[in-house]
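# An overview of the molecular structure
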Amino acid sequence: MNNAETAVTLSENAQTLLKNLQSTLNEEKWTRASLGNYSTSQFKELDEILKSARDEKAIDELKKNCDEHLAHTQKSLIALYLSGMIALSRQIIDDSAMINLVSIFLDNHKWNIVKYLCERILDHGESKYALRTLADCYKNDNEEDKIFEIWERLVKVDFEEADIVKALAEHYEKLGNKEATIDYYKKALYRYINKGNFASIKEIWGKLISINTEDIDFFLLIQKKIAKTVTEDKAVSLLNELYAKYKDKDIDIAINILKIILEYDEKDVHGRREIIECFKKKYADHSQLEECIRISNLSQNYRAVHQAISDFEKHIAFDKGNYVFHRTWGVGRIASIDGDDICIDFSKKRGHTMSVKMAVDALQTLSKTHIWVLKATKKKEEIREKIKDSEENIIWTLKTIIKSFDNACDMKRIKAELSPALLTTGEWSTWNSKARDILKSNPDFGVSAEDSDIFVVRDRPVSITEKLYNEFNAQRNFYDKVSVIRDYVSNKKTSPDSEYFSEMFSFFTAFLRRDAQESRRSADSTNAEYALSTYLLINDLATHKNYAHLKSALTVSFADLFSAIRDVPALFKSYKDSKLKNDFLSNVKLYISSWADIYIKLFPYSQLQSIIDQLEGAGFSGKISELCNDAFEHYRDNREAVVWFYKNARDKSWFNDANISVEKQLITLIHILDITFRDMENHNNTVENRKINKLVSDILFKNGALVSFIDSNDENAIVRIFTFVNEVKDIDPQDKVNLRSRILDKYPGFKFLGGTEKKVSRGLMATGAMYEEKKKLLAHIMEVEVPANSKEIEYALSLGDLRENAEYKAAKEKQEQLNTQVARLKDEIDRAQLFDPNSVNTSKVSFGTKVVLFNETAGKKEEFTILGQWESDPNNNIISYLSPFGNAILNKVPGEKFEFAINDERISYLVESITPAVI
């Protein structure tokens, strides 16, 4: 902006303010006032200048003048302060002006001014630089309490700082605050692991074992990170220290620790010897203990330790009174073990004997609380009472089923155990909804570290903080992790100070730390896309109470991150939640000058009303008209955009300005219908194409767009439209029949090109009764036959040696048959068009009519009921409208004659009468 423009746009007061400021800057430039004369009051006077500039709306010009002055006078204290404070107030990432200013006074030991400037920076949000510098000031003034307060703020924004975190832990340890001590030691441990500093890791590990031994879940979680980030050997050394604490405290936990040690080093002689001793202690009262150790070769170092442990645990489970499961005989109870013989009482085969070796191979051992044991030993009504949908009952049921399957279970398995055997479909729906809420919120449940769909029961209640952290780690998709951290921040029971949150947050900030230029050079642009998405996420999280400090992690601008994106539409399309999309659009408009062109490119990928509203509001109606034309011209790549424009924009002036005729609009929709039919047939993006196909079909047929066109256009236009319709072979035949009828009503002598319509493959008219019957059949297969088959496969797999496993092959063949049947039923049900008996048209042969024909060749009358392929019953003269004969008589009227060929014999028919069929 030049001076003339300034005079026009700025008030007289603003011009005076800027003129005085320029004089002050020039005086400072030439006189170079001594730093010794500076005090905080002078900066407070500069704050008044800033306030006046804002009041006079001259803040932009003031910053511009200061920046120009700094270009040749880099140490101008006034310009640095004014420019820096304006940048902070606008949340501009570049805070170099204030940092340079603080450095000048810091170098000259002007501690009071340094403190004042740091506090002014912190008024606009947390800053690692300002906090560290402020801590140095308090250290210089020997204000120890204030140092710890600043350090607590610092470690919240500096996720890499470890030494200060450790110092805070030691500080609270001296004060006797155990909770804060443990919290800060955990934080320090995580951070030292990330740095690979094993000496500090070992020191803090020992500290935590001594003051927080009972938190075994934490130790078992963190050891994985140590093994991955440092080395497995280091993890083993720490686990041995933990094992020593638990050996005489909890034998099951001790065994679990030893198993982890042996996972890392299967040749660990000490670990093998200790696990044998632990097994002897745990199973001291077992009648077959020594025999199980001998058979498994657990004490023989030549035997692979994991196989030996597995064999031992299989054999040790077989003892008098324990339960087992056999695929054919079901649940049984071990009556006795005599040498190598085992006697089992099954409900329908009592006193069955087999060798122990055969039992180990053929039977699955069950705990007394296994859901299968409960089903076998208790009455159905007793179990139903126990699982009914009170919260207490649901918790018991979830724990019982999950623990029954090695403490790892998804909702499909839970459903298979409950419905329909114990709960009806309706009861399951209500129970399932309550169960999912409990699994999400109850501290007794967690998710598997490998799969967020697998639920586990925790030995000790887990906090919501750790629960969400575990779920975060189980997610493999970047945007699923985004969803989890949002849940964390919005949950009132979580804390921004937790190291679990720091770990989650660090996952995202790692993408920002990578060099933007490297992202641009990389053949894989995924990192650049994640970096930009992280920017949007952090901006969003920082709006929540107690999380504003997160914004300090943004060290790069949106514009810089955006410039590294190679395929902007693809990134935008990958955003599944509306929040990311809306934030993306807002930032594009705010920071990218060509935002309107970008909006135009994005609309075909996501038809958001907000995009059109923003463009229209900014005066870009012409661009929207061009977008409309482009979408209809290149409809193959813009199917959803075409449908959106037709449904939502036909009354808009910019749509009318595009000059797309109604005929062209409808022909384009018909083409899209044809394309989606073919893509579905080729299994290409089936879900997306089915959705578009349904929308277009509803527009053209259900909502009457084609009928309306027929009613308001001449015969030539109708010929063109119907020709396109008729060429789409997969349109429901009844829809074509209805269109033909409408055309004939308006133009009785209308000649249809191409003669009788061809049989189509996708339309499927059906009666309501048969539709319900097919749905019940599908539900039975999915809820009864498929789960039963899954159990058969699971059992067959447990027998091993799949090459000679006839049971496994039979079960897999049954699975293929069921899958085929389910796929066919789902497809047919999805395509079904329910027939309304009240809409039957007896003026011609159509679905739902009964027709009387006179067979002129045989000289006799014949009656046929016209229904669909589901209802077809040729023995009772019920034929499908899709059958060759049904298609031949379709649309015939009373008095009309026709011929039909059967086995090279041509038969002449006369249509005598048409009446509604009794359905």
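These numbers come from a predicted model, not from an experiment. (Residues numbered from 1 in each chain as written. Predicted model: local features only at pLDDT ≥ 70, side-chain atom pairs only at ≥ 80, totals over all residues. Heavy atoms only, no water.)

### Details of the overall build of the chain
- Secondary structure summary: the chain contains 45 helices and 14 strands in total.
- When the 919 residues of the chain are sorted by exposure, 48% land in the buried category.
- Relative to all contacts within the chain whose residues are 6 or more apart in sequence, the contacts with residues 24 or more apart total 58%.
- Working note: accessible area of the chain is about 46,600 Å², and carbon and sulfur atoms make up 47% of it. (Helix = DSSP H or I, 4+ residues; strand = E, 2+ residues; numbered from the N terminus. Buried < 20%, exposed > 50% of the residue type's maximum accessible area, 1.4 Å probe, protein only. Contact = heavy atoms within 4.5 Å. Areas by Shrake-Rupley, 256 points an atom, 1.4 Å probe, with all protein chains shown as cover.)

### Comments concerning the sheet that holds strand β13 (residues 897–902)
- Spatially, 5 strands are ordered β12-β11-β10-β14-β13 in an open sheet, and the strand pairing comes out mixed. If you trace the sheet from one side to the other, it starts and ends with β12 (878–880) and β13, each paired once. Strand-to-strand twist across the sheet, computed as the mean angle between neighbouring axes with direction ignored, equals 45 degrees.
- Pairing of β13 with strand β14 (residues 905–916) involves 6 bridges; the strand directions are antiparallel. The residue of β14 that forms the bridge with F898 is Y909. (Pairing = 2+ DSSP bridges. Axes fitted to C-alpha atoms, helices over the stretch in contact; angles between N-to-C directions.)

### Quick look at the nonpolar core
- Within the largest apolar cluster, 210 residues are counted, with the highest numbers of intra-cluster contacts made by F584 and F645.
- Excluding its chain neighbours within four sequence positions, the residues that come into contact with F584 are L532, L536, F558, F562, V568, L571, F572, Y575 and L602.
- With 32 residues, the next largest nonpolar core counts L366, L418, L439 and V447 among its residues. (Core = buried A, V, L, I, M, F, W, Y, C linked by side-chain atoms within 4.5 Å.)

### Some thoughts on the side chain of K187
- The residue K187 is located in helix α11 (residues 178–195) in this model.
- Of the residues examined, K187 reaches a relative accessible area of 5% and is grouped as buried.
- With residues near it in sequence (within four places) discarded, K187 still touches V165, D497, S498 and E499.

### Some remarks on the pattern of salt bridges
- For the structure on display, the rule yields 55 salt bridges.
- Note that K375 is salt-bridged to E417, the shortest N-O span being 3.0 Å. On the criterion of sequence distance, the pair formed by K375 in helix α20 (residues 371–377) and E417 in helix α23 (residues 411–418) is long-range, its members being 42 residues apart.
- Overall, K375 belongs to the partly exposed group, its relative accessible area being 27%.
- The exposure class assigned to E417 is buried, which follows from its relative accessible area of 0%. (Salt bridge = Lys/Arg side-chain N within 4 Å of Asp/Glu carboxyl O.)

### Description of helix α25 (residues 464–474)
- The buried fraction of α25 amounts to 9 of the 11 residues, a majority that puts the element mostly inside the structure.
- Among the residues making up α25, those that are buried are I464, T465, E466, K467, L468, Y469, N470, F472 and A474.
- Packing partners of the buried residues in α25 comprise α11, α13 (216–229), α24 (425–441), β6 (445–447), α26 (478–490) and α27 (499–513).

### Structural notes on a negative patch on the surface
- Residues E232, D233, E263, D265 and E266 make up a contiguous surface patch of negative charge.
- Residue placement: E263 occurs in helix α15 (residues 251–264). (Patch = residues over 30% accessible without salt bridge, like charges linked within 9 Å, V, L, I, M, F, W, Y side chains within 5 Å. Lys, Arg positive; Asp, Glu negative; His and termini not counted. Charge placed at Lys NZ, Arg CZ, Asp CG, Glu CD.)

### Let's talk about the packing of aromatic side chains
- In total, this model carries 54 aromatic pairs according to the counting rule given.
- Here F572 and F584 contribute two aromatic rings whose centre-to-centre distance is 5.6 Å and whose plane-to-plane angle is 40 degrees, an arrangement assigned as tilted. Taken as a pair, F572 in helix α31 (residues 568–574) and F584 in helix α32 (residues 578–591) lie far apart in primary sequence, 12 residues in all.
- By relative accessible area, F584 is classed as buried at 0%.
- Residue placement shows K481 over the ring face of F472; its charged tip is 4.3 Å from the ring centre.
- Sitting over the face of the ring of W595, K589 holds its NZ or CZ atom 5.1 Å from the ring centroid. (Phe/Tyr/Trp six-rings, centres within 6.5 Å; stacked < 30°, edge-to-face > 60°. Lys NZ or Arg CZ within 6 Å of the ring centre and 35° of its normal.)

### Side note on the environment of S586
- By the element assignment, S586 lies in helix α32.
- For S586, a relative accessible area of 47% corresponds to the partly exposed category.
- For the pair S586 and Q614, spaced 28 residues apart in the sequence, the C-alpha separation amounts to 9.9 Å.

### Looking at empty space enclosed by the protein
- A full pass over the atoms with the stated rule returns 2 cavities of 30 Å³ or more.
- Taken as a whole, the largest cavity encloses approximately 40 Å³ of empty space.
- Around the largest cavity sit L706, I710, I718, I721, F722, V725, L739 and I743, which together line it.
- At the level of secondary structure, the elements contributing two or more residues to the lining of the largest cavity comprise α40 (705–712), α41 (715–727) and α42 (733–746). (1 Å grid on protein atoms, 1.4 Å probe; cavity = no way out; pocket = protein on both sides within 12 Å on 5 of 7 lines; lining within 4 Å. Points joined across faces, edges and corners; volume = space filled by probe spheres on them.)

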